[in-house]
Amino acid sequence: MWHLRLLAAISGLCTTSMIACASGSGATLAPENLDLSGSWALNVELSDNPREMMEERGMGGGAMGGRPTGGGARPGGGGGRPSGGMGGRRGMRERAPSQVDQQRTLQTIRMATQVPRRIVVDQQDSTITIRDGGGRTLSLHTNWKKVTQEIENDGQLDIRARWQERDLQIEREVHGGGKILEEYSISYSGDRLHVEKRLEMGRGGRAQIFHFVYDSVR
């Protein structure tokens, strides 16, 4: 698939913030006595390596110089006569992704495969702020209201956050490029922060889930 080959262009994984979502209305305020605030360091041994996982699942075969996986034409792109009769939409070929589409997907992949080695979380009544070692800051109200930001290459990014039971959920969606879903949860002992990240690139592509563990350095 075309968006898999875009991984070859990722030389340095540097982008904005972190992400995720779920169904339901969620809540604006965190549960009582639940606080994610603190300084957290990545536990490399207990955390996933996004690049390696994508290669192992065949999502990086063509991108890393190997034989492309998932061969074959896109649905509706075969050489036979289209089905569905004259003028039918079902028989039309799927629109080839434009250069802009590819740029947007590449932006989404970069965000999803970024793994901050250190993050600092500041939790207030109805806001959450996450800073990483690269100087990037994500500050949001946890009311699940979308905020649109401008990103590189004239792109747009929708982002929102909320509390769902004991989890902080943040969602980012690159217009035309896919979605990243992140879920933050703290251990009952309070010394570990768990982050689950889900990458969805759309167009029938497989979702990829990454798990990260951060140890408290408070």
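Further up the page is the structure itself.
Note that the structure is predicted; figures quoted are calculated from it, not measured. (Residues numbered from 1 in each chain as written. Predicted model: local features only at pLDDT ≥ 70, side-chain atom pairs only at ≥ 80, totals over all residues. Heavy atoms only, no water.)

Asker: Which residues make up the overall build of the protein, and what are the values?
Answerer: If you tally the helices and strands in the protein, you get three helices and 10 strands. Along the protein, helices and strands appear, N-terminal first, in the series α-β-α-α-β-β-β-β-β-β-β-β-β. Across the 218 residues of the protein, 41% fall into the buried class. Nonlocal contacts in the protein, meaning residues at least 24 apart in sequence, comprise 59% of its contacts between residues at least 6 apart. Surface exposure of the protein reaches about 11,900 Å², of which carbon and sulfur atoms provide 46%. (Helix = DSSP H or I, 4+ residues; strand = E, 2+ residues; numbered from the N terminus. Buried < 20%, exposed > 50% of the residue type's maximum accessible area, 1.4 Å probe, protein only. Contact = heavy atoms within 4.5 Å. Areas by Shrake-Rupley, 256 points an atom, 1.4 Å probe, with all protein chains shown as cover.)

Asker: Give me the sheet that holds strand β10 (residues 208–216): which residues, what numbers.
Answerer: Strand order in the open sheet formed by 10 strands is β4-β3-β2-β1-β10-β9-β8-β7-β6-β5, with antiparallel pairing between adjacent strands. Across the chains shown, the open sheet's two edge strands, defined by having one partner strand only, are β4 (137–141) and β5 (147–151). When strand polarity is set aside, the average angle formed by the axes of neighbouring strands in this sheet is 25 degrees. Pairing of strand β3 (residues 127–132) with β4 involves five bridges; the strand directions are antiparallel. Residue pairing for β4: Arg-131 is matched across the bridge by Thr-137. (Pairing = 2+ DSSP bridges. Axes fitted to C-alpha atoms, helices over the stretch in contact; angles between N-to-C directions.)

Asker: Please provide a residue-by-residue account of unusual backbone geometry, values included.
Answerer: With a phi angle near 65 degrees, Asn-33 is a residue other than glycine that sits in the positive phi range. Looking at the element boundaries, Asn-33 is found in the loop between α1 (2–5) and β1 (38–42). Using a relative accessible area of 76% as the deciding quantity, one classes Asn-33 as exposed.

Asker: Could you give an account of the environment of Arg-192, with specific residues and numbers?
Answerer: As for its placement among the helices and strands, Arg-192 is situated in strand β9 (residues 192–200). Considered as a pair, Arg-192 and Asp-215 are 23 residues apart in the sequence and their alpha carbons are 4.7 Å apart. Contacts of Arg-192, omitting those with residues within four sequence positions, involve Trp-40, Asn-43, Leu-46, Ser-185, Ile-186, Ser-187, Val-213, Tyr-214 and Asp-215. Here the side chain of Arg-192 touches Asp-215 through a polar contact of 2.8 Å, side chain to side chain. (Polar contact = N/O pair within 3.5 Å; in protein donor to acceptor, adjacent residues only side chain to side chain.)

Asker: An account of the layout of surface pockets is needed here, citing residue identities and associated values.
Answerer: Considering only enclosed or pocket space, the second largest pocket measures out at about 170 Å³ in volume. Along the wall of the second largest pocket there are 11 residues; nearest its centre are Asp-48, Asn-49, Pro-50, Val-115 and Arg-117. (1 Å grid on protein atoms, 1.4 Å probe; cavity = no way out; pocket = protein on both sides within 12 Å on 5 of 7 lines; lining within 4 Å. Points joined across faces, edges and corners; volume = space filled by probe spheres on them.)

Asker: Quick rundown of the side chain of Ser-47? Include the residues and the values.
Answerer: Looking at the secondary structure, you find Ser-47 in the loop between β1 and α2 (50–56). We classify Ser-47 as buried; its relative accessible area is 12%. A polar atom in the side chain of Ser-47 sits 2.7 Å from the backbone oxygen of Asn-43. At 2.9 Å, the side chain of Ser-47 forms a polar contact with the backbone nitrogen of Val-213. When sequence neighbours within four positions are dropped, the list of residues in contact with Ser-47 reads Leu-42, His-211, Phe-212 and Val-213.

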